[in-house]
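# Architecture at a glance
Chain by chain, the residues:
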Amino acid sequence: QQPKSAVTDDDIPKDLILPKTLITVVGLKGSGSTFLSTTLSKVLSTDSESRLQHISLPQGCDSNLNATTVNALVPELASSSYPGRFYLNITSHIQWHLTRGVDVKVVLVLRDKTITKKEKLRNQHCRASQEVANVEDVTGMKIMREAYQKYGGEENKVMIVSYEGLMQYKESYLFEIYNSLGI
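Quick look at the structure, then. None of these values were measured; they are calculated from a predicted model.

The next subject is the nonpolar core. Counting residues in each nonpolar core, the largest one holds 26 residues, and the members touching the most others are Val 26, Leu 57 and Ile 90. The element that contributes the greatest number of residues to this core is helix 4 (residues 130–151), accounting for four residues. Residues contacting Val 26, with those up to four places away along its chain left out, are Ser 33, Ile 55, Leu 57, Ile 90, Val 106, Val 107, Leu 108, Val 109 and Met 144. Counting 16 residues, the second-largest nonpolar core is a separate cluster that includes Ile 23, Leu 166, Leu 174 and Tyr 178.

It is worth spelling out the sheet that holds strand 2 (residues 50–57) at this point. Pairing is parallel in the open sheet, where four strands are placed in the order 2-1-6-7. With one partner strand each, in any of the chains shown, strand 2 and strand 7 (158–162) form the two edges of the open sheet. When strand polarity is set aside, the average angle formed by the axes of neighbouring strands in this sheet is 20°. As defined by bridge partners, strand 1 (residues 21–28) adjoins strand 6 (residues 103–110) across seven bridges and the pair is classed as parallel. Bridge pairing in strand 6 places Ile 23 opposite Lys 105. Where helix 1 (residues 33–44) meets the sheet, it contacts strand 1, strand 2, strand 6 and strand 7, and its direction lies at approximately 175° from that of strand 2. Packing against the sheet, helix 4 makes contact with strand 1, strand 2, strand 6 and strand 7, and its axis sits at approximately 140° to strand 1.

Tallied over the entire structure, the rule returns three aromatic pairs. Judged by centre distance (5.6 Å) and plane angle (70°), the rings of Phe 175 and Tyr 178 are edge-to-face. On the criterion of helical spacing, the pair formed by Phe 175 and Tyr 178 is a turn pair, its members being three residues apart in helix 5 (residues 163–181). Its relative accessible area of 51% is what places Phe 175 among the exposed residues.

Moving on, we get to the pattern of salt bridges. Pairs can form between side chains of opposite charge once their charged atoms are near each other. Summed over the entire model, instances satisfying the criterion amount to four salt bridges. Lys 20 is paired through a salt bridge with Glu 49; the nearest N and O atoms lie 3.7 Å apart. One end of the pair, Lys 20, is in the segment before strand 1; the other, Glu 49, is in the loop between helix 1 and strand 2, and 29 residues separate them in sequence. Residue Glu 146 pairs with Lys 142 through a salt bridge whose shortest N-O separation is 3.9 Å. A residue pair is termed a helical-turn pair when its members lie 3 or 4 positions apart in one helix, as Glu 146 and Lys 142 do in helix 4 at four residues.

The end-to-end C-alpha distance of helix 4 is 31 Å, a good match for the 32 Å that 22 residues give at a rise of 1.5 Å each. Taken together, the buried positions of helix 4 are occupied by Ala 133, Glu 136, Asp 137, Gly 140, Ile 143, Met 144, Ala 147 and Tyr 151. Along the axis of helix 4, the buried positions cluster into a sector of 130°, meaning they face one direction only. Counted as exposed and oriented over 90 degrees from the buried face of helix 4: Glu 131, Val 138 and Gln 149. Looking at the residues trailing helix 4, positive phi occurs at Gly 153, about 60°.

The rules behind these values
Residues numbered from 1 in each chain as written. Predicted model: local features only at pLDDT ≥ 70, side-chain atom pairs only at ≥ 80, totals over all residues. Heavy atoms only, no water. Core = buried A, V, L, I, M, F, W, Y, C linked by side-chain atoms within 4.5 Å. Buried < 20%, exposed > 50% of the residue type's maximum accessible area, 1.4 Å probe, protein only. Helix = DSSP H or I, 4+ residues; strand = E, 2+ residues; numbered from the N terminus. Contact = heavy atoms within 4.5 Å. Pairing = 2+ DSSP bridges. Axes fitted to C-alpha atoms, helices over the stretch in contact; angles between N-to-C directions. Phe/Tyr/Trp six-rings, centres within 6.5 Å; stacked < 30°, edge-to-face > 60°. Salt bridge = Lys/Arg side-chain N within 4 Å of Asp/Glu carboxyl O. Expected span 1.5 Å × (residues − 1). Arc of directions from axis to C-beta.

What follows is the structure, encoded as structure tokens:
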């Protein structure tokens, strides 16, 4: 079975209304990105102009473990519009939204790689072997590194969050993240 192809601009309705602000939380499986996304969703639940997305690299599960790359994750599209397993090209995701007037910010959640790998293998995520887990993690980190190099720093569109830092510094670190995101 062939993997579903990536979403293209032709798949996106012309009358689509995009959010004013988009925060996309990204991390490898087991990085703590789900925890941070859940925490941010509680703060953003009353903000009607903002959207929050969470994506793991790779996202989803497909029986043959093939992962396609998607250039933008559009909040208003149904999840069925995307392949069963995919990577998000964070750099093109940011570019896609910026060209459409969306204030997009990406939060990269990092965690000790030995822990993320143990989590993935312990949960047998998508029946991933050690070899598959290694390849997925290298690919995911490459995508995150490229996005940070292009849009981190002065561009201020990509920030890095340490899961261990969140656990150690708790509220003070979390409020610093909120402040950086403008929430």
